[in-house]
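Each chain, letter by letter, is given below.
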Amino acid sequence: MKKLTFEADIAASAKHVWETMTNYETYKEWVGVSWPGSHYVGKWGKNEDIRFVSPNGSGTLVNISEYKPYTSIKSTHIAILLDNGTEDRTSDMAKGWIGTTENYTFSESNGKTHLLMEMNIEPQWESMFVNDMPKALNKLKEICEK
């Protein structure tokens, strides 16, 4: 696995950044810059499974292992979702994705939030995130600072 790190400094409280990042409507807005039509199905919370899906139903299933409001979210990808929403845990593609981790840390100081996003990912997925995650985080920053 390869570790990727993305960061954003946002002129807003950690609470505001957190709520904007996880709210269903604003989630679709900031993620949609890089992955148009993407949304989630499920509930944010510790030990919850949440589906991050594209308009055709494909995507990923994630388990949230840590959920500390306004501080951190840690999650592990546990399956890919096929176009019809069926979970795949056994194909070669799924095996290359399962185990990917995403961790978000929110650090607030003087009314500003430093958002740190760290991923451990197989190299074949690296370019997608290196190209697209900075755009998404920039959109999150823009929405939070309105």
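Anyway, here's the lowdown on the structure attached to this text. (Residues numbered from 1 in each chain as written. Predicted model: local features only at pLDDT ≥ 70, side-chain atom pairs only at ≥ 80, totals over all residues. Heavy atoms only, no water.)

**Quick look at the pairing of strand β8 (residues 112-121)**
Where strand β1 (residues 2-10) meets β8, nine bridges bridge the pair, whose relative direction is antiparallel. Residue pairing across strands places lysine 2 opposite isoleucine 121, the latter belonging to β8. In this sheet, β8 lies alongside strand β7 (residues 101-109) in antiparallel orientation, the contact comprising nine bridges. Bridge pairing in β8 places glutamate 102 opposite methionine 119. Remark: two residues form the turn of the hairpin made by β7 and β8, two consecutive strands paired antiparallel; asparagine 110 in that turn has positive phi of roughly 55°. (Pairing = 2+ DSSP bridges. Helix = DSSP H or I, 4+ residues; strand = E, 2+ residues; numbered from the N terminus.)

**Looking at the pairing of β7**
Looking at chain direction, strand β5 (residues 72-81) and β7 are connected through five bridges and run antiparallel. Across the sheet, lysine 74 pairs through a bridge with asparagine 103, a residue of β7.

**Quick word on unusual backbone geometry**
For asparagine 47, which is not a glycine, the phi torsion comes out positive at approximately 65°. As for its placement among the helices and strands, asparagine 47 is situated in the loop between β2 (39-41) and β3 (49-53). When its relative accessible area of 55% is taken as the criterion, asparagine 47 is described as exposed. Despite not being glycine, tyrosine 70 has its phi angle at roughly 70°, a positive value. Tracing the backbone through its elements, the reader meets tyrosine 70 in the loop between β4 (59-68) and β5. (Buried < 20%, exposed > 50% of the residue type's maximum accessible area, 1.4 Å probe, protein only.)

**Thoughts on the packing of helix α2 (residues 24-32) against helix α4 (residues 126-144)**
Viewed as axis vectors pointing N to C, α2 and α4 meet at an angle of 135°, and their least axial separation amounts to 7 Å. Compared by their axis directions, α2 and α4 come out oblique. Two secondary-structure elements touch here, α2 through Thr26, Glu29 and Trp30 and α4 through Ala136, Leu137, Lys139, Leu140 and Ile143. Across the contact of α2 with α4, the residue classes tally to five nonpolar, one polar and two charged. (Axes fitted to C-alpha atoms, helices over the stretch in contact; angles between N-to-C directions. Parallel < 35°, antiparallel > 145°, perpendicular 65-115°, else oblique. Contact = heavy atoms within 4.5 Å. Nonpolar A, V, L, I, M, F, W, Y, C, P; charged D, E, K, R; others polar.)

**Observations regarding the packing of aromatic side chains**
How two aromatic rings sit relative to each other is given by the distance of their centres and the angle of their planes. Inspection of the entire model under this criterion finds 13 aromatic pairs. Arranged with centres 4.9 Å apart and planes meeting at 65°, the rings of tryptophan 97 and tryptophan 125 form a pair that is edge-to-face. Here tryptophan 125 lies in the loop between β8 and α4 and tryptophan 97 lies in the loop between α3 (92-95) and β7, a separation of 28 residues in the sequence. Exposure class is identical for tryptophan 97 and tryptophan 125. Each is buried. On the basis of an interplanar angle of 10° and a centroid distance of 6.0 Å, the ring pair of tryptophan 97 and phenylalanine 129 is categorised as stacked. In this pair, tryptophan 97 sits in the loop between α3 and β7 while phenylalanine 129 sits in helix α4, placing the two residues 32 residues apart along the sequence. Three or more aromatic residues joined by ring pairs form one cluster here, namely Tyr24, Tyr27, Trp30, Tyr40, Trp44 and Phe52. (Phe/Tyr/Trp six-rings, centres within 6.5 Å; stacked < 30°, edge-to-face > 60°.)

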